Amino acid sequence: MPGNSQRRGAIRKSSKGATVGSGGQRRRGLEGKGPTPKAADREYHPAHKRAKAAAKRSGVGSSAGGRGPARPKGRGSKASSEMVYGRNSVVEALRAEVPVATMYIATRIDTDDRVREALKLATERGLAILETPRGELDRLTDGGVHQGLALQVPPYDYAHPSDLLDPEMPGVPLVVALDGITDPRNLGAIVRSVAAFGGHGVVVPERRSVGMTASAWKTSAGAAARIPVARASNLTRALEEFKKAGFFILGLDMDGDVELPDLSLASEPLVIVTGSEGKGLSRLVRETCDQIVSIPMSSAVESLNAGLATGVTLYEIARQRRR
């Protein structure tokens, strides 16, 4: 009968639900899993994230993350490599002798005077030249308009600020520090002025500041090959170290304590600090300065850009030192 078959099916179905010895399984499920891990050991706990960040700051490598040990003290940090692309940009970089690791040239490129000059300059310098499919060039330049030519510029090898405290440097020490300068052309112009007026180096902060890019190198007109650029993790702390070494710190600002021709410290070891055009010197850097120096100008002109202001100041210091 249909009713009996349904009952037999129901009985068979219910018999599957019971498992011999299931009481032991339930008891095991109720057992504890050991002591609760410490907060710092729990991956998603804020304490774990804080501990991981602290380890990263101190340079301790993580076996899970695959990070290596921190760089040794006294060495400058390196930036990432840079791609310069486009026929005009490539030729200009090669003319300026910007350091180059590799030149990439597209397969079956339509040659013109710029391509021929780029190949000639790269060959004369003994650079590695790789013929590359256009799709690979698109990837290397992140979709930029490369016109079949690109250069890979190696990371700049920054000095450490302490390297500029060398007592055996010729002449009276003269260093320029940049506070918030973000235009690479200003950095290149300042490096060029430091070389022209007997300076010994430039210091830039790691954060919120321009680095030694290909554009900065080109603007320096080759001076970047002779003048070391140091990178400081904390600019204020680096300036304090210069003060301990006997340097005077002079900040450039429109509202200065001293006007440039009346500068009385030109013959002393100096660090000239140039701030950004928009914000000027930051508060902590300004408080670290021994003097704030301004450049007298016509009221019709509000201010000079950072590169020009630094160049004028370096010229005046060099002029006074020659007297």
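Up top is the structure.
Residues numbered from 1 in each chain as written. Predicted model: local features only at pLDDT ≥ 70, side-chain atom pairs only at ≥ 80, totals over all residues. Heavy atoms only, no water.

S.K.: How should the packing of aromatic side chains be read in this particular structure?
M.R.: Two aromatic rings are characterised by how far apart their centres lie and by the angle between their planes. Inspection of every chain in the model, using the stated rule, returns four aromatic pairs. Their ring planes at 70° and their centres at 6.0 Å tell us that Phe197 and Tyr315 sit as a pair that is edge-to-face. Of this pair, Phe197 sits in the loop between α7 (184-196) and β6 (201-205) while Tyr315 sits in helix α11 (residues 306-322), placing them 118 residues apart in sequence. Accessibility expressed as a relative area gives 27% for Phe197, which makes it partly exposed. Residue Tyr315 is classed as partly exposed on the basis of its relative accessible area of 40%. With a centroid separation of 5.1 Å and 75° between ring planes, the pair formed by Phe242 and Phe247 is classed as edge-to-face. Residue classification places Phe247 among the buried positions, given a relative accessible area of 8%. Members of the aromatic cluster, each reached through a chain of ring pairs, are Tyr156, Tyr158 and Trp217. The ring of Tyr158 has Arg231 sitting right over it, with the charged end atom 4.2 Å from the ring centre. (Phe/Tyr/Trp six-rings, centres within 6.5 Å; stacked < 30°, edge-to-face > 60°. Helix = DSSP H or I, 4+ residues; strand = E, 2+ residues; numbered from the N terminus. Buried < 20%, exposed > 50% of the residue type's maximum accessible area, 1.4 Å probe, protein only. Lys NZ or Arg CZ within 6 Å of the ring centre and 35° of its normal.)

S.K.: Please clarify how the side chain of Asp179 should be interpreted in this entry.
M.R.: Tracing the backbone shows Asp179 in strand β5 (residues 174-179). No salt bridge is formed by the buried Asp179. Its closest oppositely charged neighbour is Arg208, at 7.5 Å. A polar side-chain atom of Asp179 sits 2.8 Å from the main-chain amide nitrogen of Ser282. With residues up to four places along the chain from it excluded, the contact list for Asp179 reads Leu235, Val273, Thr274, Gly275, Ser276, Gly280, Leu281, Ser282 and Val285. (Lys, Arg positive; Asp, Glu negative; His and termini not counted. Salt bridge = Lys/Arg side-chain N within 4 Å of Asp/Glu carboxyl O. Polar contact = N/O pair within 3.5 Å; in protein donor to acceptor, adjacent residues only side chain to side chain. Contact = heavy atoms within 4.5 Å.)

S.K.: Quick question: what am I supposed to make of the environment of Leu140 here?
M.R.: Structurally, the position occupied by Leu140 is in helix α6 (residues 134-140). The class for Leu140 is partly exposed, based on a relative accessible area of 24%. Along the sequence, Leu140 and Tyr85 sit 55 residues apart, while their C-alpha atoms lie 9.6 Å from each other. Among residues more than four places away in sequence, those in contact with Leu140 are Met83 and Tyr104.

S.K.: It is not clear to me how the sheet that holds strand β1 (residues 82-85) should be interpreted in this structure. Could you clarify?
M.R.: Note: strands within a sheet are paired through backbone hydrogen bonds, in either parallel or antiparallel orientation. Read across the sheet, four strands follow the order β1-β4-β2-β3 without closing on themselves; strand pairing throughout is mixed. The sheet is open, and its two edges are formed by β1 and β3 (128-132), each paired on a single side. With direction set aside, neighbouring strand axes in the sheet form an average angle of 25°. Taken strand by strand, helix α4 (residues 87-95) contacts β1, β2 (102-106) and β4 (149-153), and its axis lies near 45° from that of β4. Packing of helix α5 (residues 113-124) onto the sheet brings it into contact with β2, β3 and β4, and relative to β2 it is tilted by some 150°. (Pairing = 2+ DSSP bridges. Axes fitted to C-alpha atoms, helices over the stretch in contact; angles between N-to-C directions.)

S.K.: Can you help me understand the nonpolar core in this one?
M.R.: Across soluble globular proteins, nonpolar side chains have a tendency to be buried as a group. Membership of the largest hydrophobic core comes to 57 residues, with the highest contact counts inside it found for Leu94, Leu187, Val202 and Met212. Residues contacting Met212, with those up to four places away along its chain left out, are Tyr156, Tyr158, Leu187, Trp217, Ala224 and Val229. One finds Leu164, Leu239, Phe247 and Ile249 within the second-largest nonpolar core, a separate group that totals 20 residues. (Core = buried A, V, L, I, M, F, W, Y, C linked by side-chain atoms within 4.5 Å.)

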